[in-house]
Number of protein chains: 4
Amino acid sequence: MRIGVLTGGGDCPGLNAVIRAVVRKGVGEYGHEFVGFRDGWRGPLECDTQQLDVAAVRGILPRGGTILGSSRTNPLKLDDGVERIKENLRKEGVDALIAIGGEDTLGVARRLYDEGVSVVGVPKTIDNDLNATDYTFGFDTAVNIAMEAIDRLHTTAESHHRTLIVEVMGRHAGWIALHAGMAAGANCILIPEKPFDIDRVVHYIEKRFETRYAPIVVVAEGAHPLEGQMEVQDQGRDAFGHVRLGGIGQRLADEVERRTGKEARFTVLGHIQRGGTPTAFDRVLATRFGLHAIDAAHDGDFGTMVALRGTDIVRVGLAEATAELKTVPYERYEEAEVFFG
Amino acid sequence: MRIGVLTGGGDCPGLNAVIRAVVRKGVGEYGHEFVGFRDGWRGPLECDTQQLDVAAVRGILPRGGTILGSSRTNPLKLDDGVERIKENLRKEGVDALIAIGGEDTLGVARRLYDEGVSVVGVPKTIDNDLNATDYTFGFDTAVNIAMEAIDRLHTTAESHHRTLIVEVMGRHAGWIALHAGMAAGANCILIPEKPFDIDRVVHYIEKRFETRYAPIVVVAEGAHPLEGQMEVQDQGRDAFGHVRLGGIGQRLADEVERRTGKEARFTVLGHIQRGGTPTAFDRVLATRFGLHAIDAAHDGDFGTMVALRGTDIVRVGLAEATAELKTVPYERYEEAEVFFG
Amino acid sequence: MRIGVLTGGGDCPGLNAVIRAVVRKGVGEYGHEFVGFRDGWRGPLECDTQQLDVAAVRGILPRGGTILGSSRTNPLKLDDGVERIKENLRKEGVDALIAIGGEDTLGVARRLYDEGVSVVGVPKTIDNDLNATDYTFGFDTAVNIAMEAIDRLHTTAESHHRTLIVEVMGRHAGWIALHAGMAAGANCILIPEKPFDIDRVVHYIEKRFETRYAPIVVVAEGAHPLEGQMEVQDQGRDAFGHVRLGGIGQRLADEVERRTGKEARFTVLGHIQRGGTPTAFDRVLATRFGLHAIDAAHDGDFGTMVALRGTDIVRVGLAEATAELKTVPYERYEEAEVFFG
Amino acid sequence: MRIGVLTGGGDCPGLNAVIRAVVRKGVGEYGHEFVGFRDGWRGPLECDTQQLDVAAVRGILPRGGTILGSSRTNPLKLDDGVERIKENLRKEGVDALIAIGGEDTLGVARRLYDEGVSVVGVPKTIDNDLNATDYTFGFDTAVNIAMEAIDRLHTTAESHHRTLIVEVMGRHAGWIALHAGMAAGANCILIPEKPFDIDRVVHYIEKRFETRYAPIVVVAEGAHPLEGQMEVQDQGRDAFGHVRLGGIGQRLADEVERRTGKEARFTVLGHIQRGGTPTAFDRVLATRFGLHAIDAAHDGDFGTMVALRGTDIVRVGLAEATAELKTVPYERYEEAEVFFG
């Protein structure tokens, strides 16, 4: 069999571990051949390929990023996108495709499967917001990076009386904020799932100030105040005319400073959370995802995606996989609230 | 309610996170009072206590070790052990006990429960070899420490032609070796569950030498060769007259060097794997274990132990918890074998 | 002798290592007694003390922050500040004072010395901008934290075509930006000592884009463009009515995005750089500073400050110590420019 | 000019940073051309070369090991070694050679220079035992790795009463043991420069046991007891018939266990100390060494080696460079002794 592999969407530690596992088992156990497509769906769309054999995957396990490149190119937005991909796969002699990516990438995979392409999906979302799997790789790495940053702030916080605010990733789901905040002992965690009450945040901060320790607030980039609470300053527009996303960290710092009369400083971790070497958890998960994805392709079990359930890797339908966003349930947030203030 | 807390057995990153969660929720939500017992079961046996309130658990979340101390004291080995503990608990006015520990500690907890003591267990084994729970805290930290060590060896291995052998923890179960070896790209992983064939190990090593990269072998301390294969040198006896455990790393290095005619070096990670700050995974798991353990105590659901199933924390009977050792199943080892050689 | 110790100014990894070394040698070798003053000069000003003996310094070596607390209280701004301090030192029976801090703290120390107080200084500036010493502790830690963050950005940068901008500490001197940028392979480093030409920065960025790798720009918080070049948006005022400092990272990202037509993202490391456990370099330097400071006090060599020259710790006059800011010399910046673009 | 580059001797974090700096400045500023020789002196001896241009050094700054490979091949041990190298350099059109390595590598460089070869040296010794330079790259990385390991042991040590012994690198000089032990708060440090008195070591250990904290002993692999003190067990011979070096960690653990009647555990860090990504200090030093080495070659200043003096990079004669071993002076060891026990 000749199998194509591509990685789409944002960066995520563990992508290379998936690629390596697919190729190592595919070549070593099954004798398949591989071709890499460059930059997500742009690869098969423009027939941009790269060699993908055992030599190509040597030494990539610990590396962040993806040796295949990535992009957000969406062929479904082109009139002839699907047709061109099918044509190019034929031209390249590709029998099956392993697509590693998030909601968008897997949405395309599903559509291609409906149109007769033999495709297996591997889920990737650093935000851990995919309902079909217990965890996705990259998430554990992001949480550890954020936790280590907050750990460092604690010692600063102990010596000085100021509020420290850390903005972490999470536009629609607060998993990174929840886990990093819980792991690092934040005094307040704000997530997109639950609009925050600024009065309550200030209450926690002031309660903390009483203890001689300074408050640390972890805020997901997608968190927002109760309607009408914080005067929303215009965030300006970016070079492309879009209203700037994010900025909640700085806005919160301003508001907290105004209300408490004490300094507030913020840190924006940004892309640091998605780069660099993956943690052991993510490397093992990504490797196992890769091993099971090549098994599925070898078995001819197409239209499926691999997923983690407990400690097992299972196969689920691509349709199911992309159906629903996994947000933080109320009871998980409640667990964390015990430590607020 | 007045609740006693103790930690028993070997060190494990996350113990303090459990203690903190128990106390924070117990005081803050339920209004309970706590007393710490020193050094595992020695504490209630000798009525050695320490203050355990919100102030006492401040700042301990990121710290390794346990603020309560630990020991391997087993009251079941004393004629009047159980009686003395019951007596001391009464004397201290303790209504319930939360025991954090491994097989031995929980075995005592179970026995005490059978004798009418109100006890809740929290499982702790760095080796992850407890069947009732998907994971135990400390394991993820140990795996990451071992992985980082092996990562560092890789660059050395690339520059020189020698075999590098890393001995990791795991007397009866190879989980740490399996995960660390898989995460770090070991060329061979040896675990207690499967006696190794030294000829096969040497075969992998020599196959690897052909690639210009040097071989890295991860060996669990409890791994052993097929019967009759390696001449077992006497490891001597320790200060207490016991035959020394361990040493498999060095013995393997000797044997490999002899058979390949190329240098072999070994590293023994030892206690480094059980010390220091826990990873985010372990801090979140330990914190959630603590929160659910105090819930169980508050609910009067004694004789139970908290456990992880998928992403949920559940309660299982103490009997079930300690019934069976969780060893690496064949199919998990097989996954890793894809990368051998 | 009864010796007072205080730490003043901003946080800096290594403060606890200095305190520990002072006390361990002072008690163990010389038999002196110690008293800690809380929160920098506020301590002796308000006679706020804390116990400082061998037990108090146990376990603090690896910890960030300072067990004595800190503040920016400046007694010279009070009419009777110096008098009150002298009075309180007398009252506490303090024979000598060891003051650990930056320019401001040591400026007070110098003034007190001129007024007859027996004082020894230990230099502390995370920015490494003190002329009298080769390095100050805390700097190496800050540089490593920034470097690790930039390392992580590299893998993200490799997978996507966008500019990544990292704002690091350094209001008046660009040492952290220079070292972190050089260590992590930044494509452009901007420091306060040399106003930057935005055209040139954009030139480096576009040159880098040609290589399929994305550009990473490290900018010190005190860096600024050539006069008239970048339209300076009003940064607003903080809760205290001061014009906000900083923000250069975001402004630069906006400008670069506008000029290149490609996304630019920024990260503000903020206080993360000053918190957490110190590196080995900083722990050894801080420990040696402490050992030599207590020697100076024991010798009665007051009005001096310890300093690093090559691998030796020497004593210099407090006057010399605070005389001049150490900025990045042209030839050091030139070394780094080799790697721009 | 066409310039050859080689790396000889043991692994050392920072080698790639030197190579990158040499090539980036050599090509970008001076327009020179480069050729890499494989595996130290084996390269020019057997004319084994590899391409070395700007593309070849991209992304190598953070990587451990050396892209040129290394070996301990010594051409001076061959009758015609020097002649063959001169012949091959001629054949390859090499005008100058930059040799990066330790005492042995630089000894060959010096001999070649005496025979008319245009050579510039870059010092490399992870043990930091070269007298001509304040520091060598790799040392800071090794010290940090050892320190982090010892940090982890501290929390284990706090919970249990046993002695923990860490064996670190250092055959002839105790710099790594001294700095790592000082940075991590070891209770006793043993170095090759000063034969240790086992009675004194046991005294420190027992003193420490009194404090409820457990003792941590850092021992350099080349440390040894006072003559006649410890019964030296036969360490056996390796595959090549040599008496095994090392083993002091284990022997010490046995002896301490026997004498104190309490468990003693040891950890051998081994090659972990020489692998992996370099610290910021080492990357900056290695980069600056590279920049100054290519300057020296460009200037035609051959027979020299670059060295660090304070914060400056200077050139010294190769003869001077290799003249003397830099051991730990008495007063530096004395500083550390303050913390023993």
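A quick note: this is a predicted structure, and the numbers were derived from the prediction, not measured.

Focus on the overall build of chain A
Scanning chain A for helices and strands turns up 11 helices and 11 strands. Against the 2.2 N^0.38 benchmark of 20 Å for 341 residues, chain A shows a C-alpha radius of gyration of 22 Å, consistent with a compact globule. For chain A, the C-alpha atoms occupy an extent of roughly 65 × 40 × 30 Å along the three principal directions. Burial status across chain A gives 65% buried among its 341 residues. Restricting the contact set of chain A to residue pairs at least 6 apart, pairs at least 24 apart contribute 76%. Within the structure as shown, chain A displays about 11700 Å² of accessible surface, and the carbon and sulfur contribution to it stands at 43%. Each charge class in chain A was averaged separately, 39 positive and 50 negative side chains, and the resulting centres sit 4 Å apart.

Quick look at the interface of chain A and chain B
Accessible area lost when the parts come together is the quantity often used to give the size of an interface. With 40 residues of chain A at the interface, the matching set in chain B holds 40 residues. On the chain A side of the interface with chain B, the three residues burying the most area are Arg58, Val338 and Phe339 of chain A, jointly 18% of the side's total. Counting every contact that joins chain A to chain B gives four salt bridges. Glu335 of chain A is paired through a salt bridge with Arg288 of chain B; the nearest N and O atoms lie 2.9 Å apart. Put simply, chain A and chain B have 12 residue pairs in polar contact (both at pLDDT 80 or more) between them. Those elements giving two or more residues to the side of chain A that touches chain B turn out to be helix H1 (15–28), helix H5 (139–159), helix H6 (175–184), helix H9 (280–299) and helix H11 (330–337) of chain A. Broken down by class, the residue content of the side of chain A that touches chain B amounts to 17 nonpolar, 10 polar and 13 charged.

Here we look at the interface of chain C and chain A
Contacts between chain C and chain A engage 43 residues on the former and 43 residues on the latter. Between chain C and chain A, the buried area comes to about 3500 Å², and carbon and sulfur atoms account for 50% of it. Where chain C packs against chain A, one counts zero salt bridges. In this assembly, chain C and chain A are joined by eight residue pairs in polar contact (both at pLDDT 80 or more). For the side of chain C that touches chain A, the elements supplying multiple residues, two or more each, are helix H5 (139–159), helix H8 (248–260) and strand E9 (264–268) of chain C.

Things to note about the UniProt feature "active site" (unreviewed entry) in chain A
All names here are of chain A. Taken from the UniProt record, the annotation "active site" (unreviewed entry) applies to Asp127. Tracing the backbone through its elements, the reader meets Asp127 in the loop between strand E5 (119–123) and H5. The contacts of Asp127, once residues within four sequence positions are left out, are Phe139, Met169, Gly170, Arg171, Trp175 and Ile176.

Some points on the domain arrangement of chain A
All names here are of chain A. With domains assigned, chain A is organised as domain 1 (2–137 + 278–321) and domain 2 (140–275). The interface is formed by 13 residues belonging to domain 1 together with 14 residues belonging to domain 2. Of the roughly 1000 Å² buried where domain 1 meets domain 2, counting both sides, 56% is carbon and sulfur surface. Among the residues domain 1 hides against domain 2, the three largest losses belong to Ile126, Asp127 and Thr279. Together they make up 44% of the total. Our enumeration of links across domain 1 and domain 2 arrives at five residue pairs in polar contact (both at pLDDT 80 or more). Within the side of domain 1 that touches domain 2, the residues separate by chemical class into six nonpolar, three polar and four charged.

Description of the UniProt feature "binding site: Mg(2+)" (unreviewed entry) in chain A
When the UniProt feature table is mapped to this numbering, "binding site: Mg(2+)" (unreviewed entry) covers Glu103 of chain A. One can find Glu103 of chain A in helix H4 (residues 103–114).

A word on the packing of aromatic side chains
Residues and elements named next belong to chain A. Inspection of every chain in the model, using the stated rule, returns 22 aromatic pairs over all chains. Where Tyr135 meets Phe281, the ring centres are 5.7 Å apart and the plane angle is 85 degrees; that geometry is what we call edge-to-face. With Tyr135 in the loop between E5 and H5 and Phe281 in helix H9, this pair connects stretches of sequence that are 146 residues apart. Phe281 matches Tyr135 in its accessibility class, with the two residues each being buried.

Examining the sheet that holds strand E2 (residues 33–37) of chain B
Residue and element names in this part refer to chain B. Overall, mixed pairing links the seven strands, which are arranged E3-E2-E1-E4-E5-E10-E11 in an open sheet. Whereas interior strands pair on both sides, the edge strands pair on one side only; in this sheet they are strand E3 (49–51) and strand E11 (312–317). Sheet twist, expressed as the mean angle between neighbouring strand axes with direction ignored, is 30 degrees. As judged from the two bridges shared by strand E5 (residues 119–123) and strand E10 (residues 304–309), these two strands associate in the parallel manner. Bridge pairing in E10 links Gly121 to Met305. With respect to the sheet, helix H4 (residues 103–114) is in contact with strand E1 (2–7), strand E4 (96–101), E5 and E10, its orientation differing from that of E4 by roughly 155 degrees.

Considering a negative patch on the surface
Together, Glu29 and Asp312 of chain A together with Glu331 and Glu334 of chain B line one region of the surface with negative charge. Along the chain, Glu334 of chain B falls in helix H11 (residues 330–337).

What about the environment of Arg332 of chain A?
All names here are of chain A. Secondary-structure assignment places Arg332 in helix H11. Using a relative accessible area of 7% as the deciding quantity, one classes Arg332 as buried. Through-space distance from the C-alpha of Arg332 to that of Trp175 is 9.7 Å; in sequence the pair is 157 residues apart.

Quick notes on the rules
- Residues numbered from 1 in each chain as written.
- Chains lettered and ligands numbered in written order.
- Predicted model: local features only at pLDDT ≥ 70, side-chain atom pairs only at ≥ 80, totals over all residues.
- Heavy atoms only, no water.
- Helix = DSSP H or I, 4+ residues; strand = E, 2+ residues; numbered from the N terminus.
- Rg over C-alpha atoms; globule rule 2.2 N^0.38 Å.
- Buried < 20%, exposed > 50% of the residue type's maximum accessible area, 1.4 Å probe, protein only.
- Contact = heavy atoms within 4.5 Å.
- Areas by Shrake-Rupley, 256 points an atom, 1.4 Å probe, with all protein chains shown as cover.
- Lys, Arg positive; Asp, Glu negative; His and termini not counted.
- Charge placed at Lys NZ, Arg CZ, Asp CG, Glu CD.
- Buried area = accessible area lost by both parts, 1.4 Å probe.
- Salt bridge = Lys/Arg side-chain N within 4 Å of Asp/Glu carboxyl O.
- Polar contact = N/O pair within 3.5 Å; in protein donor to acceptor, adjacent residues only side chain to side chain.
- Nonpolar A, V, L, I, M, F, W, Y, C, P; charged D, E, K, R; others polar.
- UniProt positions renumbered as here; feature names shortened; annotations may be inferred.
- Domains from an automatic or database assignment.
- Phe/Tyr/Trp six-rings, centres within 6.5 Å; stacked < 30°, edge-to-face > 60°.
- Pairing = 2+ DSSP bridges.
- Axes fitted to C-alpha atoms, helices over the stretch in contact; angles between N-to-C directions.
- Patch = residues over 30% accessible without salt bridge, like charges linked within 9 Å, V, L, I, M, F, W, Y side chains within 5 Å.

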